[in-house]
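Structural description and commentary
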Amino acid sequence: MKGRVMSNRIICYHSLMPVLEVKNLTKEYADVKAVSDVSFKVERGEILGLLGPNGAGKTTTINMILGVLEPTSGLVTIAEHDVAKERRIALSKTNFAAVYAQLPSNLTVYQCLRVFGLLYSVPNLAVRIDEVMEEFDLERFSSTKIGVLSSGEQTRVSLAKAMLNAPSLLLLDEPTASLDPSTARDVRERIRGYALAGKGGILWTSHNMHEVVEVCDRVLFLSHGEVLLEGDPKALPAQHEKKDLEELFIAVAREPLSLTE
Amino acid sequence: MNFSPAYAIFLRYWYLLVSTPQRFVQIFIWSTFDIVLWGFVTKYLGTFGISGFNFTALLLGSLIFWQFITRIQQGFIMVFLEDSWTRNFINIFASPMTIVEYLSGIVASSLATSAMAIIFGAVVASLLFGLWFPPFVVPFLVFAVILSLFAITLGMISSAIVLRLGPTAEWFAWPIPAVIQPIVGVFYPVSVLPAWAQTIAKLMPPSYIFENLRAVLAGREILWGDLGIAFALSAVYIACAAFLFARTYSWALRTGAISRFGSESF
């Protein structure tokens, strides 16, 4: 509760400029509308959960925010920079870690962080690499190739890479999926601390609803490429007469129409 | 242009080279075997040759410069495909790097490995077959610059093909130099080709280079006008290849090919 209050206070303090603004975002393939007219914002200091069943359009939305997929229409601005028109500045203010975006397995942890630090033109890179390696307990793996690390250790490297440029917007796609409960809690606290300190806003996707309730300030449910529900993850289930967020998630996946009526 | 992302692309491949002996050795191994094989073949042929005509210098010189082209083209595709093989495409293309910086990094990387290969090849040819290239260093540098431009063009076209058709299309990309080789007169004058092939050869910058290489090694004058044509053609082709790659990249962003590159679903 204390955390929530703190979080809200910081959100208010930093809410003059959203770190992410998505306006009427649409992506159409030949005869399929993968994402349809999606709009939302992420404020600095806020963690927004992007939820939905497989195929709901989460990854398509994230790919458009990351600039690796061109929207059919709509606008994505990161820290007030249009990704389509000011790609370099917009993308320099974001970073991400996703289970489907593996880091090069044939580089060592240090080499990988150096390469990505240069890609993001991180100032004082050597110092920053030391900081993120310490933060994610990676110092002893500095000279170890990423491919031989456990999946949990690889996730920590991905998170360290995602934090290298101290992004205003951090996109995390199931960041704790392969971590043991203790490390997962630790990672959640660090990421939450990052948001609470007002360093950036976070867009978080997860299928672990307990985690979402614990971490996210607000959630957005996508279904068939459209925003179906939006609200506080603690209050939203009751508003729709569901026991908890997991039950609400299942309803979104199985009978989305019942929730819009 | 920001040099930091371009250096990142260069460094990413350099790390792989220096940390994996088999990658480092492959820069030299096949070209050395070729030089040794062709060195002995031409030495033998030289015993039947016309006096004053140095088969070994002619063929080995041509071979080394041809390897220079293939190494740059293959080096280019290797750097490009490395991120496909390690499923790192999204991480790379979701960074603030521009496409010019990306291509610059690949070019720097492929030129560096090719320069190492050509220098090593020249040293091996000198040690084993007594060839001495330093008197030709100025024309050879001009040849190398023009061939580099053409090889980078091939690298960009090859990578654009792979980006457009998916990872399995790498098998179209690797043999591109082998398809071009017979037409550009690497080991024989373009005049021995049929008329239609000679017309194509005139559009290929390497054909002018290899004609001039033979002239230089035979003690004849360099045809600077031909080198000018070769340079102009190379400049036009590299601009077209860059445009093709940029268009293919835009297509990949529009269709989502970047984000699902490994799936071969486009």
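Analysis parameters
Residues numbered from 1 in each chain as written. Chains lettered and ligands numbered in written order. Predicted model: local features only at pLDDT ≥ 70, side-chain atom pairs only at ≥ 80, totals over all residues. Helix = DSSP H or I, 4+ residues; strand = E, 2+ residues; numbered from the N terminus. Rg over C-alpha atoms; globule rule 2.2 N^0.38 Å. Buried ≥ 20, exposed ≤ 12 C-beta atoms within 10 Å, placed from the backbone. Contact = placed C-beta atoms within 7 Å. Domains from an automatic or database assignment. Nonpolar A, V, L, I, M, F, W, Y, C, P; charged D, E, K, R; others polar. Axes fitted to C-alpha atoms, helices over the stretch in contact; angles between N-to-C directions. Parallel < 35°, antiparallel > 145°, perpendicular 65-115°, else oblique. Left-handed = near helix turned anticlockwise from the far one by under 90°. Pairing = 2+ DSSP bridges. pLDDT = per-residue confidence, 0-100. Expected span 1.5 Å × (residues − 1).

With that settled, the discussion passes to the overall build of chain B. A tally of helices and strands in chain B yields 11 helices and 0 strands. Mapped in sequence order, the helices and strands of chain B form the string α-α-α-α-α-α-α-α-α-α-α. Whereas a compact globule of 266 residues would reach a radius of gyration of roughly 18 Å, chain B reaches 19 Å, a difference of no more than 12%. Expressed as a percentage of its 266 residues, the buried residues of chain B come to 44%. A sequence separation of at least 24 residues applies to 75% of the contacts in chain B between residues at least 6 apart.

Residues and elements named next belong to chain A. You can read the domains of chain A as domain 1 (2-93 + 172-260) and domain 2 (104-166). The gap between the C-alpha centroids of domain 1 and domain 2 is 25 Å. Facing 9 residues of domain 1, the contacting portion of domain 2 comprises 9 residues. With 3 residues, helix α7 (residues 181-196) is the single largest residue contributor to the side of domain 1 that touches domain 2. Partitioning the side of domain 1 that touches domain 2 into residue classes produces 3 nonpolar, 3 polar and 3 charged.

Here we take up the packing of helix α4 (residues 109-119) of chain A against helix α6 (residues 151-163) of chain A. Residues and elements named next belong to chain A. Viewed as axis vectors pointing N to C, α4 and α6 meet at an angle of 25 degrees, and their least axial separation amounts to 10 Å. Classified by the interaxial angle, the pair formed by α4 and α6 is roughly parallel. Read as a crossing pair, α4 and α6 show a hand that is right-handed. For the pair formed by α4 and α6, the contact residues are V109, C112, L113 and F116 on the first element and V157, A160 and K161 on the second. When grouped by side-chain class, the residues that make up the contact of α4 with α6 number 6 nonpolar, no polar and 1 charged.

What follows is about the sheet that holds strand β7 (residues 169-173) of chain A. Residue and element names in this part refer to chain A. An order of β6-β7-β8-β3-β9-β10 is seen for the 6 strands of this open sheet, with the pairing classed as mixed. Both edges of this open sheet fall to β6 (94-98) and β10 (226-231), since each of them pairs with a single strand only. The sheet shows a mean angle of 20 degrees between the axes of neighbouring strands, taken without regard to direction. As judged from the 5 bridges shared by strand β9 (residues 218-223) and β10, these two strands associate in the antiparallel manner. Bridge pairing in β10 links S223 to E226. Its contacts with the sheet place α7 against β3 (47-51), β7 and β8 (201-205), and it is angled at close to 145 degrees to β8.

This part takes up the interface of chain B and chain A. Facing the 25 residues of chain B at the interface are 23 residues of chain A. Elements with a minimum of two residues in the side of chain B that touches chain A: α1 (3-19), α4 (89-93) and α11 (224-255) of chain B. Here the element with the most residues in the side of chain B that touches chain A is α1 of chain B; it accounts for 8 residues. Looking at the side of chain B that touches chain A residue by residue, the class counts come to 13 nonpolar, 9 polar and 3 charged.

All names here are of chain B. Confidence in the prediction for chain B averages 89 pLDDT; 96% of positions are at 70 or higher. Taking the mean pLDDT of every element in chain B, the minimum, 85, falls on helix α2 (residues 21-46) and the maximum, 96, on helix α9 (residues 195-202). Complex prediction metrics read pTM 0.88 and ipTM 0.86.

A few words on the confidence of the model for chain A. Mean pLDDT over chain A: 88, with 92% of residues reaching 70 or higher. The least confident element of chain A, judged by mean pLDDT, is helix α1 (residues 2-14) of chain A at 43; the most confident is α4 of chain A at 97.

Attention now moves to the packing of helix α3 (residues 55-85) of chain B against helix α6 (residues 137-165) of chain B. Residue and element names in this part refer to chain B. At a minimum axis separation of 8 Å, α3 and α6 run at an interaxial angle of 35 degrees. Handedness of the crossing formed by α3 with α6: right-handed. Along the contact surface, α3 presents F65, F68, I69, I72, Q73, F76, I77, F80 and L81, while α6 presents F143, A144, L147, S148, F150, A151, I152, L154, G155, S158, S159 and V162. Broken down by class, the residue content of the contact of α3 with α6 amounts to 16 nonpolar, 5 polar and no charged.

Residue and element names in this part refer to chain B. Relative to the 46 Å expected for 32 residues at 1.5 Å per residue, α11 spans 46 Å between its end C-alpha atoms, a close match to the ideal helical length. Where α11 is concerned, the buried positions are L227, A230, L233, S234, Y237, I238, A241, F245, T248, Y249 and A252. Residues of α11 that are buried sit in contact with α5 (99-129), α6 and α10 (205-217). In the segment just after α11, G256 is the residue with positive phi, at about 85 degrees.

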